[in-house]
Amino acid sequence: MTNPQWIAVDDYFTETIAPGDAALTAALADSTAAGLPEIAVAPNQGKLLHLLAATQGARNILEIGTLGGYSTIWLARALPADGRLITLEYDPAHADVARANIARAGLDKTVEVRTGAALDTLPVLETEGAGPFDLVFIDADKANNPHYVAWALKLSRPGTLIIVDNVVRNGRVATAHPDDPAITGTRAMFDLIAAEPRLDATAVQTVGTKGYDGLLLARVTA
């Protein structure tokens, strides 16, 4: 569900205060050319991620769901010179596109793309002592959202910011849809967060070039 006025406003925001550059434009173009689904965050949403990471003072970022690396570039650009970002991508073909996009943006020394199911690679990060992460961005298969949030909490510290994209699902999240794993998983995530005393959270609805959706922000308190 989209609306021409939503798109016009998003375009205005992007053109005036959140313009991309050659590396970001090429990342989207090459992702489309490679046949990746066109589900990357909008430019103004990418800028929001960048500002949140910068405001957080993040030095160590985890991203679950890389796609073509567009959001990865926005996040990594907020890191200091000695910062690092680990991003997890299930599809090897998507990961290859992302690596090329990230390298063209000059961030291949900052960003590590790991391939495989996130629920397999997340325990490896724990074993390696890769955390704690200052910010975790979750934008992967929605059925596993509660598991991803649980892992984000495990790999966090007090003050870590957890961001989850696509939590409104065109408004369908407000009612149960047992046959839709994305909604079932997202609702289970909300239940988990509501019952978790170590998380302080809210969610907001958004409209724009990506239609009607929204995101969740949770801060680790202890």
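Below is a summary of the structure that appears in this document.

One can find Ser-71 in helix H4 (residues 70-76). For Ser-71, the side chain forms a polar contact with the side chain of Glu-63, separated by 2.5 Å. Leave out the neighbours within four places in its chain, and Ser-71 touches Val-41, Leu-49, Glu-63 and Phe-137.

At a closest axis distance of 10 Å, the pairing of helix H2 (residues 22-33) and helix H5 (residues 92-104) adopts a crossing angle of 160°. Classed by the angle they form, the pair H2 and H5 counts as roughly antiparallel. In the crossing of H2 with H5, the sense of the turn from one axis to the other is right-handed. Between H2, through Ala-26, Ala-27, Asp-30 and Ser-31, and H5, the contact on the second element is made entirely by Val-97, Asn-101 and Arg-104. Grouping the constituent residues of the contact of H2 with H5 by class yields 3 nonpolar, 2 polar and 2 charged.

Further remarks concern the layout of surface pockets. As a volume, the largest pocket reaches approximately 810 Å³. Those elements that place two or more of their residues in the lining of the largest pocket are H4, strand S2 (84-89), helix H6 (118-128) and strand S7 (211-220). Broken down by element, the residue count for the lining of the largest pocket peaks at 4 residues, all from S7. Here the lining of the largest pocket is composed, by residue class, of 17 nonpolar, 11 polar and 11 charged.

It is worth spelling out the environment of Ala-26 at this point. Topologically, Ala-26 is positioned in helix H2. Look at Ala-26 and you get buried, because its relative accessible area is 19%. Distance from Ala-26 to Tyr-70, taken between C-alpha atoms, is 9.4 Å for residues 44 residues apart in sequence.

On to empty space enclosed by the protein. Over the atoms a probe the size of a water molecule is rolled, and this reveals where empty space is left. This structure, assessed with the given rule, holds 1 cavity of 30 Å³ or more. By volume, the largest cavity amounts to about 50 Å³. What lines the largest cavity is simply Val-41, Gln-45, Leu-48, Leu-49, Phe-137, Ile-163, Asp-165 and Leu-215. Listed by contribution, the elements that provide at least two residues to the lining of the largest cavity are helix H3 (43-56) and strand S5 (161-165).

The rules behind these values
- Residues numbered from 1 in each chain as written.
- Predicted model: local features only at pLDDT ≥ 70, side-chain atom pairs only at ≥ 80, totals over all residues.
- Heavy atoms only, no water.
- Helix = DSSP H or I, 4+ residues; strand = E, 2+ residues; numbered from the N terminus.
- Polar contact = N/O pair within 3.5 Å; in protein donor to acceptor, adjacent residues only side chain to side chain.
- Contact = heavy atoms within 4.5 Å.
- Axes fitted to C-alpha atoms, helices over the stretch in contact; angles between N-to-C directions.
- Parallel < 35°, antiparallel > 145°, perpendicular 65-115°, else oblique.
- Left-handed = near helix turned anticlockwise from the far one by under 90°.
- Nonpolar A, V, L, I, M, F, W, Y, C, P; charged D, E, K, R; others polar.
- 1 Å grid on protein atoms, 1.4 Å probe; cavity = no way out; pocket = protein on both sides within 12 Å on 5 of 7 lines; lining within 4 Å.
- Points joined across faces, edges and corners; volume = space filled by probe spheres on them.
- Buried < 20%, exposed > 50% of the residue type's maximum accessible area, 1.4 Å probe, protein only.

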